[in-house]
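# Residue-level structural notes
Here is how the chains run, residue by residue.
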Amino acid sequence: MKVFFNGKIVNSNSPIVSAFDRGMTFGDGLYDVVKVINGKFPFIEDHVKRLERSSKFFKMKSRYSLSEIESIALELSSVNGVEDGELFLEITRGTDTIRDHIFEEEYDPNFLEVVQPLRKIDRNLWETGAKIVTYPDMRHGLCEHKTIDLLPNVLAKNYAHSKDAYEVLMFRTQNGRKYVTEGGSSSYIFFDGERIVAPKIDNILPSITRSKVLSIAKSMDLEVIERRVWLDEVRHMKEVMLLSTVSKVMPVVKIDDMSFLFGEKTRKLASAFENLILSYRAKIS
Ligand code: PLP
């Protein structure tokens, strides 16, 4: 497969990263994932904005503009023959001369762009619903950013895999009571029978899919409330939806021993979101 690295399209297995790239040595970098469908990149402007916001926050430089990133993605889709897949963007702070935690002001960031086919997901899950397992959220306090230090997420998702589940639903504890955060690479929203309930953005990723789906819900005159969601409340929810760029709107039918319906609200939101992706026209170039 061909990838783009710092200005060149190269083979993915060619040695391109320095040993002292700060992503290699410290996980000092950011990433984003955009859907690729019919050679288009739905909501790429939102993904790049999120990446740029985090770059500013962590004092990293952005190397390429939105339109440059999009034209590289078009070229990669074409050379790799990927019509339906995933666009992966990664930026690391840059390369040190020797390994040192302290970073300088002046770095040329390293930038990787990949267009790959969709990862293997059982397509039946969108029809039958996914099984989820709960798992402690062991991540740091910077989860509103898509940082590349993903070891806790990797462990969480492998735990789910070992339990024959699609994802985890992570939780943290406050005063002895557990509240839900998000998945290893997805967000959750709930339907409590009257309204859509979404865990508030408080040390969880401002998911692009979540934001689009909540806007759709509001446009359907569904009431939406964003608040802390306690794990002991989840049992009483009527419907549960898992959201992400890759998973889109996926119905959840089981969390540990709790069962849920693949109900009408999930069906409506999933189909409206699918239409939104398919109707996507770039708002750039
Ligand atoms: N939460 C986490 C931790 C993620 O890694 C992701 C996506 O990878 C999401 C939520 C979903 O975000 P988005 O809808 O922007 O893909």
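Computed from a prediction, not measured in an experiment: that's the story for all the values here.

## What to know about the overall build of the chain
On a plain count of helices and strands, the chain comes out with 8 helices and 14 strands. For 285 residues, the compact-globule estimate of 2.2 N^0.38 gives 19 Å, and the C-alpha radius of gyration of the chain, at 19 Å, lies within 12% of that figure. Buried positions account for 52% of the 285 residues belonging to the chain. Pairs at least 24 apart in sequence give 72% of the contacts found in the chain among residues at least 6 apart. Surface accessibility of the chain: about 14100 Å² in total, with carbon and sulfur atoms responsible for 51%. Averaging the locations of the 41 positively and 41 negatively charged side chains of the chain gives two centres separated by 3 Å.

## Focus on the sheet that holds strand β4 (residues 85-92)
The strand order across the open sheet formed by 5 strands is β2-β1-β5-β4-β3, and the pairing between neighbours is antiparallel. The open sheet has two edge strands, β2 (8-11) and β3 (29-36), and neither has a second partner. Averaged over all pairs of adjacent strands, the angle between strand axes in this sheet comes to 25°, irrespective of strand direction. Taken together, the 3 bridges between strand β1 (residues 2-5) and strand β5 (residues 110-117) define a ladder with antiparallel strand orientation. Residue pairing in the sheet places Phe5 in a bridge with Leu112 of β5. The sheet contacts of helix α2 (residues 44-57) involve β3 and β4, and relative to β3 the element is tilted by about 175°.

## Overview of the site of the ligand
Taken together, 16 residues lie around the ligand, and Lys146, Glu182, Ser207, Thr209 and Thr245 are the ones closest in. Note that a nitrogen atom of the ligand is positioned 2.7 Å from one of the side-chain N or O atoms of Glu182. With respect to the ligand, the backbone of Ile208 contributes an N or O atom lying 2.9 Å from an oxygen atom. Burial of the ligand by the protein chains amounts to 93% of its free accessible area of 390 Å². When grouped by side-chain class, the residues that make up the shell around the ligand number 3 nonpolar, 9 polar and 4 charged.

## So, the packing of helix α6 (residues 208-219) against helix α8 (residues 264-278)
Direction vectors running N to C along α6 and α8 enclose 115°, while the axes themselves pass 10 Å from each other. Judged by the angle between their axes, α6 and α8 are roughly perpendicular. Every pair of crossing elements has a handedness; the one defined by α6 and α8 is right-handed. Touching Thr209, Lys212, Val213, Ile216 and Ala217 of α6 are Leu269, Ala272, Phe273 and Leu276, all from α8.

Reading the values: rules and limits
- Residues numbered from 1 in each chain as written.
- Predicted model: local features only at pLDDT ≥ 70, side-chain atom pairs only at ≥ 80, totals over all residues.
- Heavy atoms only, no water.
- Helix = DSSP H or I, 4+ residues; strand = E, 2+ residues; numbered from the N terminus.
- Rg over C-alpha atoms; globule rule 2.2 N^0.38 Å.
- Buried < 20%, exposed > 50% of the residue type's maximum accessible area, 1.4 Å probe, protein only.
- Contact = heavy atoms within 4.5 Å.
- Areas by Shrake-Rupley, 256 points an atom, 1.4 Å probe, with all protein chains shown as cover.
- Lys, Arg positive; Asp, Glu negative; His and termini not counted.
- Charge placed at Lys NZ, Arg CZ, Asp CG, Glu CD.
- Pairing = 2+ DSSP bridges.
- Axes fitted to C-alpha atoms, helices over the stretch in contact; angles between N-to-C directions.
- Near = heavy atom within 4 Å.
- Polar contact = N/O pair within 3.5 Å; in protein donor to acceptor, adjacent residues only side chain to side chain.
- Nonpolar A, V, L, I, M, F, W, Y, C, P; charged D, E, K, R; others polar.
- Parallel < 35°, antiparallel > 145°, perpendicular 65-115°, else oblique.
- Left-handed = near helix turned anticlockwise from the far one by under 90°.

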